[in-house]
Protein chains: 2
Amino acid sequence: MTILRKRENPLTYKNNKSNYKELKDVLPMKIAITGKGGVGKTTFAGVLSKVLAEDGYGVLAVDADPDANLPMALGIPEEKLSSITPLSEIKDIIAKRTEAVPGVFGQMFKLNPKVDDIPEKYCIEHDGIKLLVMGTVKAGGSGCICPEHAFLRALMQHLLLTPQEALIMDMEAGIEHLGRATADCVDAFIVVAEPGQRSIQTLKTIKKLALDIGIQKIFVVGNKIRTNEEKSFIINACENISILGFLPYDAALIEADRQGKTPFNKGECYTDEVRAIKDKILNLINN
Amino acid sequence: MTILRKRENPLTYKNNKSNYKELKDVLPMKIAITGKGGVGKTTFAGVLSKVLAEDGYGVLAVDADPDANLPMALGIPEEKLSSITPLSEIKDIIAKRTEAVPGVFGQMFKLNPKVDDIPEKYCIEHDGIKLLVMGTVKAGGSGCICPEHAFLRALMQHLLLTPQEALIMDMEAGIEHLGRATADCVDAFIVVAEPGQRSIQTLKTIKKLALDIGIQKIFVVGNKIRTNEEKSFIINACENISILGFLPYDAALIEADRQGKTPFNKGECYTDEVRAIKDKILNLINN
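Residues numbered from 1 in each chain as written. Chains lettered and ligands numbered in written order. Predicted model: local features only at pLDDT ≥ 70, side-chain atom pairs only at ≥ 80, totals over all residues. Heavy atoms only, no water.

Focus: the nonpolar core
In summary, soluble globular proteins display a tendency toward joint burial of nonpolar side chains. If you look at the biggest cluster of nonpolar residues, it comprises 100 residues, and the most contacted ones within it are A:M156, A:M169, A:F189, B:M156, B:M169 and B:F189. Other than its neighbours up to four places away in sequence, B:M169 contacts B:I31, B:A32, B:I33, B:V62, B:L152, B:M156, B:T182, B:A183 and B:V186. (Core = buried A, V, L, I, M, F, W, Y, C linked by side-chain atoms within 4.5 Å. Buried < 20%, exposed > 50% of the residue type's maximum accessible area, 1.4 Å probe, protein only. Contact = heavy atoms within 4.5 Å.)

Structure (C-alpha cells):
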C-alpha cells in the first residue's frame, strides 16, 4: 500500500493476497469509528483492520484518540512500539506548518498545513497494516491538541486510496472531534453503541453533527450484547439508522485487554461477527 | 449553599440536615472525577454527589464532559432538564468575556474572563445538589470547545466553598482536559479505573499530567469488579497510588442506564460502597 501519492503515478500494491483479483475492482474506503467513551471503538477498529488485512486489503489504521491504544488492539509487539512517532511528537514540524507555537493555549493557527510527506515518514507497518498515531497530551497545562487535529484533518483530506485500500480512523471518545471536523474526509462513520441511554444519546448527537460536516453515511454496530432484550433495545433506539451487526459481550476480550493483547481471534465469535460486518460494509460501499 | 461569593460576606447555608453540626468543622472539598472513557465516571460522580447531599453537604456538581449526562445520573427529572442552560449556550457571554469569536477554530482568547456572576444565574438545583453544565458541541465543524474550557477553568478557580460544601467535577473522558488544566483548582483527582490495561494506562497518564498542573492528591476507585482476580489486578497495577475502594460490576446499573434512571440506590451494594468511599475521602481531607 502506498498512501498520499498522486493518482497518476500509483506505486505497486504490495499486500496482495489470494483474493487480490476479486478486490481490484472494489472501491477504496475511508471509515471513522466513533461513539461514546468505553463502548469498544478501539477494539472494533483494531479487529476490523485485521480482518480487512486478512482479506488482502492494504489498511491504513489511524489512532486519532489521544487516550486510546490502537497499537495494542492491532497486536503490535512491545519492541515495535518505540519506533512509532506520534504526530504530537513532531510538534516542531506541526508548529512550523500550522504556524502554531507549541504549548500555547488558544492561539491562531493555519488549518491547511503542508502534509504530503508525513505518512510515509511516520507510519509503522505490522502484518500488512500501516499505523499512524496522532499522539497524546505530553504535559499537564501544555494546552489543547487543536493543532494536531488540524494537522491530522489536512493529512486525511490529502489521502488518495486505490481500490484495495482502506483507511480506518479510530476517533477520540465523544464528540469534540466533530466540532473540529477531524474526520470530514471519510465515506462513512461507524458508531459503536452499547445498550444504554447514554451511548444512544451520543450516537444521535454524532449523527446530527456528522451531517453538519457532510457525512451522510452513518452506520451502527451494537456492542457488548448479552441478551436479546439488549439487542432489541438498540434496534428500537436506532430508528432509521442502519445497523451493521451486533457484537457479543465477551469476558475473553476483557481478559485480552487485561493482558495487553490484541482482541483479534479472541473469544467465541467476536472476530467472526466483525468479518460479517466487514462484508456488509463492502457491499454498502460497492452497491 | 452559595457559591462564588466573597468569604467576608457568606450567605446562609440552606441545605443543613441532621448532621449539620458535625459537618460545620469539616473542610470543604473540590474533587475532579476522571479516567478513561466508559469506566463509569459519571455514574460515580452522580452517586458521590447524592451521598454527600444525604450527609448534609451542599454539593455543586459540574458536568464538564461535552458528551456526558450528569443530570441523568443525578436523577434530575425530564421536565427540569429544559431549564438547564449549559455554558456552551451562553456563547455570546463567553465570547464577550474570553474575547473569542464563536464558531472560529484556532483563535486567540483571554484565559481570565470575568465569571463571578455565572454560577448563581446558570445553576439549577435538585434534591440539595446544584448543577452546572459546560455543554456540548452544537454543530459539526463549529470548532473546538477551548473557550468553554477556559471559561469553566476560570469559574472553578473563583469558587469559594464553606466547610459544608463540596465541588464534584465530572471531567470529559481521557486526558485533553489536563492539557487544558480545566480542573487545576481541585484538591484531589479521583481516577475511576476498570480492570483493563487501557484503563490503567490512562490512570498513569493522568497521574503524571496532574502533577504537572500541581494536583498532588490522586486516588483510585476500582470499578466494574466481578472477581477477586480483577481486584488484585487493579491493586497490583496501582503500585503507589492510593485506592479508595472497589465498586462492583452490577447489571442493575446497566439496566438503570438503559431506562435513563439515576444509579443512586440501584443494584446490590454500589451506593453503599460509594458511601464508604465518601467517608474515606472526608478522612483523607480532614487528617
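Comments concerning the packing of helix α9 (residues 197–212) of chain A against helix α10 (residues 228–238) of chain A
All names here are of chain A. Following both chains from N to C, one finds α9 and α10 inclined at 30°, their axes separated by 11 Å at the closest point. Taken together, the axis directions place α9 and α10 in an arrangement best described as roughly parallel. Relative to α10, the crossing made by α9 is right-handed. Along its contact with α9, which presents Q197, I200, L203 and K204, the element α10 presents F233, A237 and C238. (Axes fitted to C-alpha atoms, helices over the stretch in contact; angles between N-to-C directions. Helix = DSSP H or I, 4+ residues; strand = E, 2+ residues; numbered from the N terminus. Parallel < 35°, antiparallel > 145°, perpendicular 65-115°, else oblique. Left-handed = near helix turned anticlockwise from the far one by under 90°.)

Here we look at the relation of the copies chain B and chain A
Take chain B, turn it by 180°, move it 0.0 Å along the axis, and it overlays chain A with an RMSD of 0.0 Å. Here the copies are linked by what is in effect a two-fold axis. Taken together, the interface assignments show that 100% of the residues at the interface of chain B recur at the interface of chain A, consistent with an identical surface on both copies. (Least-squares fit on C-alpha atoms with pLDDT ≥ 70 in both.)

What about the packing of helix α2 (residues 41–54) of chain A against helix α12 (residues 270–286) of chain A?
Two quantities define a packed helix pair, namely the angle between the helix axes and the distance between the axes. Residues and elements named next belong to chain A. For the pair α2 and α12, the least separation of the axes is 9 Å and the interaxial angle reads 70°. Taken together, the axes of α2 and α12 are roughly perpendicular relative to one another. Where α2 crosses over α12, the two elements pack in a sense that is right-handed. Counted together, T43, F44, V47, L48, V51, L52 and E54 of α2 and Y270, T271, V274, R275, I277, K278 and I281 of α12 form the full contact between these two elements. Counted by class, the contact of α2 with α12 contains 9 nonpolar, 2 polar and 3 charged residues. (Nonpolar A, V, L, I, M, F, W, Y, C, P; charged D, E, K, R; others polar.)

A few points about the pattern of salt bridges
Evaluation of the coordinates by the stated rule reveals 34 salt bridges over all chains. B:E230 is paired through a salt bridge with A:R258; the nearest N and O atoms lie 3.7 Å apart. Of this pair, B:E230 sits in helix α10 (residues 228–238) while A:R258 sits in helix α11 (residues 251–258), each in a different chain. Among the residues examined, B:E230 registers a relative accessible area of 2% and is labelled buried. B:R180 is the partner of B:E176 in a salt bridge, and the nearest nitrogen-oxygen pair spans 3.7 Å. Placement of both B:E176 and B:R180 in helix α8 (residues 176–180) is noted, with a separation of 4 residues, approximately one turn of the helix. Each member of the pair, B:E176 as well as B:R180, is classed as buried. A single salt-bridge network, built from bridges that share partners, covers A:E172, A:E176, A:R180, B:E172, B:E176 and B:R180. (Salt bridge = Lys/Arg side-chain N within 4 Å of Asp/Glu carboxyl O.)

Points about the state of the cysteines
Two cysteines whose sulfur atoms are joined by a covalent bond form what is called a disulfide. Residue and element names in this part refer to chain B. On inspection of all chains with the given rule, the structure shows 0 disulfides over all chains. With no disulfide of its own, C123 lies 14 Å from the sulfur of C185, the closest cysteine sulfur. Taking the relative accessible area as the measure of exposure, C123 reaches 16% and is therefore buried. Here C146 is not disulfide-linked; the sulfur of C144 is the nearest cysteine sulfur, at 3.5 Å. Accessibility expressed as a relative area gives 2% for C146, which makes it buried. (Disulfide = S-S within 2.5 Å.)

Comments concerning the sheet that holds strand β4 (residues 129–133) of chain A
Backbone hydrogen bonds are what pair the strands of a sheet, in a parallel or an antiparallel way. Residues and elements named next belong to chain A. Ordered by their spatial adjacency, 8 strands build an open sheet running β3-β4-β2-β5-β1-β6-β7-β8, and the pairing between neighbours is mixed. Of all the strands in the sheet, the pair left with one neighbour each is β3 (124–126) and β8 (242–248). Averaged over all pairs of adjacent strands, the angle between strand axes in this sheet comes to 25°, irrespective of strand direction. In this fold α2 packs onto β1 (29–34), β2 (58–64), β4, β5 (165–171), β6 (188–193), β7 (217–225) and β8, with an angle of close to 170° to the strand it touches most, β5. Taken strand by strand, α12 contacts β1, β6, β7 and β8, and its axis lies near 170° from that of β8. (Pairing = 2+ DSSP bridges.)

Looking at helix α11 (residues 251–258) of chain B
Residue and element names in this part refer to chain B. When we look at burial in α11, the residues that qualify are L253, A256, D257 and R258. Capping of α11 at its N-terminal end is provided by D250; its side-chain oxygen lies 2.9 Å from the backbone amide nitrogen of A252. At the exit of α11 stands G260, carrying a positive phi of roughly 70°. (Polar contact = N/O pair within 3.5 Å; in protein donor to acceptor, adjacent residues only side chain to side chain.)

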